[in-house]
Amino acid sequence: MNKLEPMKVKKITCIGAGYVGGPTMAVIADNCPEIIVTIVDIDENRINAWKYNPINELPIYEPKLGEIIERVRNKNLFFSTDISESIANADMVFLAVNTPTKTKGIGSGQASDLSMLESCSREVAKCSRGHTIVVEKSTVPVRTAEVIKKILDANLKKEDSSNPQQTFSVISNPEFLAEGTAISDLNNPDRVLIGGDNELAIESLADIYSHWVDRSKIIKTNLWSSELSKLTSNAFLAQRISSINSVAEICEVTGANIKEVSKAIGLDNRIGKKFLNSGPGFGGSCFQKDILNLVYLCEYFGLTRVARYWQSVIELNDWQQERISKLITENLLGNISSKFILILGFAFKANTNDTRESSAIQISLNLLEEGANLLIHDPQVNSKQISLDLRIEETTSLSPDTNYNNKDKGKWKYVNNLSNSFSQVDAVVILTEWEEYKLIDWKKVTKKMRKPAWVFDTRLLLEEKNITDAGLNYWSVGNGR
Ligand code: UDX
Ligand code: ADP
């Protein structure tokens, strides 16, 4: 390789076959037919599902992902559990493992748990050969690349006849895709950010993206700017949601209407109309984690006021979930113990099967705590995932025809068939904006519900008139009367 020219990458390995690694590598493979891409993971079930499942049963649900997998699977996109061999063969290794919020030790509840990232960095140090470009893809706290570099540098192996001299360049390439729109976000990004101090490594990655992204959209920064941009982009987006949710509460008491107010705010070009939908609070694997990370970073540097500022974005989000749970109880005559509530949607937003930090989790737990019986439906989330999230087993039978006396917490049951699930329920709560919930025939289902019955629309998904004409009470977020 000429030292002054970027490496022409022929083989990529991505560690982590999740919501980031899966779609990102599928799109790279689709746009770069000359590059062999292998995704590896320690989770054998997940790899087998990517490898063998029909395209409508891939481990993650993402619109348009199936079509791409069909085109590239076993052509230039491969899945494997043989992590060491895949690393040894790769010119470029993406790290796309999860970095959840720490649950114990220093920084518990705020800092990211980097153990997964550390263990795969060690694997790269052990197995790579010759020069390897290591791309940090997971969302990480600022200065994480330093941890990766330290691990790699401390483990450099000496050159011998069977092993060329190991060298590494670590660059950061944060992922800005949103779940549910991952494929279009990846194929048509607003920008691609590459941070690092090695020009050639940055160029090698820029060359890959330039197969389908205009060079003017590929932005090069230093490592720390790249890491901080990712955290703060998410913090800004989350802040908009907390802001609009705070306005929703004001609308409810003043008689203003949040849809009208959001539209009026968003028409100001400086503000823009996106991310102004009021809802049950933001969820997903990024927003809460990234803000907590930012708060931790600020506290670490003694920026107490700044830390408090960002912390308040999270507090408002928690409040949105709490107040929605409370007003459901209040409207149902102040008591939901033993009543039946149908929860529509458990994913953190529509078009994904991801439930991480979904508002549905906390709202369901609050209702169960009050003694309500929940029937839970989601078109893409299965019952096993819901029991893991609630940490409560699904009950074997839950029938509105039986009289329950929930002295303690309520029970929950998964709903397979939506049309059969309205019988004797006191309330329906829309928590995820799935299109299919728009198609519910309220005139038909109202006959089955127990009166007075309510529909709580936390996503502003339904037409109020359709509900009230059916003789049901309707509450929607940010709608003052
Ligand atoms: C987010 C960022 O958008 C993405 O750039 C980053 O890479 C990862 O984090 P994601 O978590 O997949 O993506 O979903 P996003 O569409 O941002 O939604 C996050 C949460 O905010 C969802 O719970 C969604 O329902 C909520 N939301 C979003 C609102 O309540 N109102 C809005 O107007 C927009
Ligand atoms: P994200 O949304 O960031 O993609 P996911 O949890 O969907 O997060 O995916 C991360 C993947 O990384 C998981 O499938 C997990 O099994 C995998 N993973 C975690 N640690 C390692 C590791 N040390 N080596 C290989 N894969 C790992």
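What you see is a predicted model, and the numbers here were worked out from it, not measured in a lab. (Residues numbered from 1 in each chain as written. Chains lettered and ligands numbered in written order. Predicted model: local features only at pLDDT ≥ 70, side-chain atom pairs only at ≥ 80, totals over all residues.)

(A) Highlighting the overall build of the chain. Per the secondary structure count, the chain includes 16 helices and 14 strands. Relative to the compact-globule value of 23 Å for 481 residues, the chain shows a C-alpha radius of gyration of 24 Å, a close match. By principal-axis analysis of the C-alpha atoms, the chain measures approximately 80 × 50 × 45 Å. Across the 481 residues that make up the chain, the buried fraction comes to 47%. Expressed as a percentage of contacts within the chain between residues at least 6 apart in sequence, the contacts between residues at least 24 apart total 75%. (Helix = DSSP H or I, 4+ residues; strand = E, 2+ residues; numbered from the N terminus. Rg over C-alpha atoms; globule rule 2.2 N^0.38 Å. Buried ≥ 20, exposed ≤ 12 C-beta atoms within 10 Å, placed from the backbone. Contact = placed C-beta atoms within 7 Å.)

(B) Layout of the pairing of strand β1 (residues 11-15). Most of β1 is tucked away, with four of its five residues classed as buried. With five bridges connecting them, β1 and strand β2 (residues 36-40) associate as parallel partners. In the sheet register, Thr-13 faces β2, and the bridge partner there is Thr-38. Viewed along the sheet, the connection from β1 through helix α1 (residues 21-31) into β2 turns out right-handed. Looking at chain direction, β1 and strand β4 (residues 92-95) are connected through four bridges and run parallel. Within β4, the position partnered with Ile-12 by the bridge is Met-92. (Pairing = 2+ DSSP bridges. Right-handed = clockwise from strand over helix to strand, strands pointing away.)

(C) Representation of the site of ligand 2 within the structure. Looking at ligand 2, there are 20 residues lining it, with Gly-16, Gly-18, Tyr-19, Val-20 and Met-116 nearest. When residues in the shell around ligand 2 are grouped by element, the largest group, three residues, is from helix α5 (residues 115-127). By residue class, the composition of the shell around ligand 2 is ten nonpolar, seven polar and three charged. (Near = placed C-beta within 6 Å. Nonpolar A, V, L, I, M, F, W, Y, C, P; charged D, E, K, R; others polar.)

(D) Expanded view of the environment of Ile-328. Positionally, Ile-328 belongs in helix α12 (residues 304-331). With eleven residues separating them along the chain, Ile-328 and Asn-317 place their C-alpha atoms 17 Å apart. In contact with Ile-328, other than residues within four places in its own chain, are Ile-336, Leu-367, Ala-427, Val-429 and Phe-456.

(E) Representation of the sheet that holds strand β13 (residues 454-457) in the model. Overall, parallel pairing links the six strands, which are arranged β11-β10-β9-β12-β13-β14 in an open sheet. If you trace the sheet from one side to the other, it starts and ends with β11 (412-414) and β14 (473-476), each paired once. Ignoring strand direction, the axes of neighbouring strands in this sheet form an average angle of 20 degrees. Pairing of strand β12 (residues 427-430) with β13, which is carried by four bridges, proceeds in the parallel orientation. (Axes fitted to C-alpha atoms, helices over the stretch in contact; angles between N-to-C directions.)

(F) Spotlight on the site of ligand 1. Of all residues adjacent to ligand 1, which total 19 residues, the nearest are Ala-178, Asn-277, Phe-282, Gly-284 and Cys-286. Per-element accounting of the shell around ligand 1 gives the leading share, three residues, to helix α9 (residues 223-254). Looking at the shell around ligand 1 residue by residue, the class counts come to eleven nonpolar, five polar and three charged.

(G) Expanded view of the packing of α5 against helix α6 (residues 144-154). At a minimum axis separation of 9 Å, α5 and α6 run at an interaxial angle of 35 degrees. Here the hand of the crossing between α5 and α6 comes out right-handed. Contacts between α5 and α6 pair Leu-117, Glu-118, Ser-121, Arg-122, Val-124 and Ala-125 from the former with Thr-144, Val-147, Ile-148, Ile-151 and Leu-152 from the latter. Split by residue class, the contact of α5 with α6 holds seven nonpolar, two polar and two charged. (Left-handed = near helix turned anticlockwise from the far one by under 90°.)

(H) The arrangement of the packing of helix α11 (residues 287-300) against α12 in detail. Packing of α11 against α12 brings their axes to within 8 Å, and their N-to-C directions diverge by 165 degrees. Classified by the angle between their axes, α11 and α12 sit roughly antiparallel to one another. Handedness of the crossing formed by α11 with α12: left-handed. Residue-level contacts link Gln-288, Ile-291, Leu-292, Leu-294, Val-295, Cys-298 and Glu-299 of α11 to Thr-304, Val-306, Ala-307, Trp-310, Gln-311, Val-313 and Ile-314 of α12. Taken together, the residues of the contact of α11 with α12 sort by class into ten nonpolar, three polar and one charged. (Parallel < 35°, antiparallel > 145°, perpendicular 65-115°, else oblique.)

(I) Seen up close, the domain arrangement of the chain. Split by domain assignment, the chain resolves into domain 1 (11-221) and domain 2 (317-476). With seven residues of domain 1 at the interface, the matching set in domain 2 holds seven residues. Residue composition of the side of domain 1 that touches domain 2, by class: four nonpolar, one polar and two charged. (Domains from an automatic or database assignment.)

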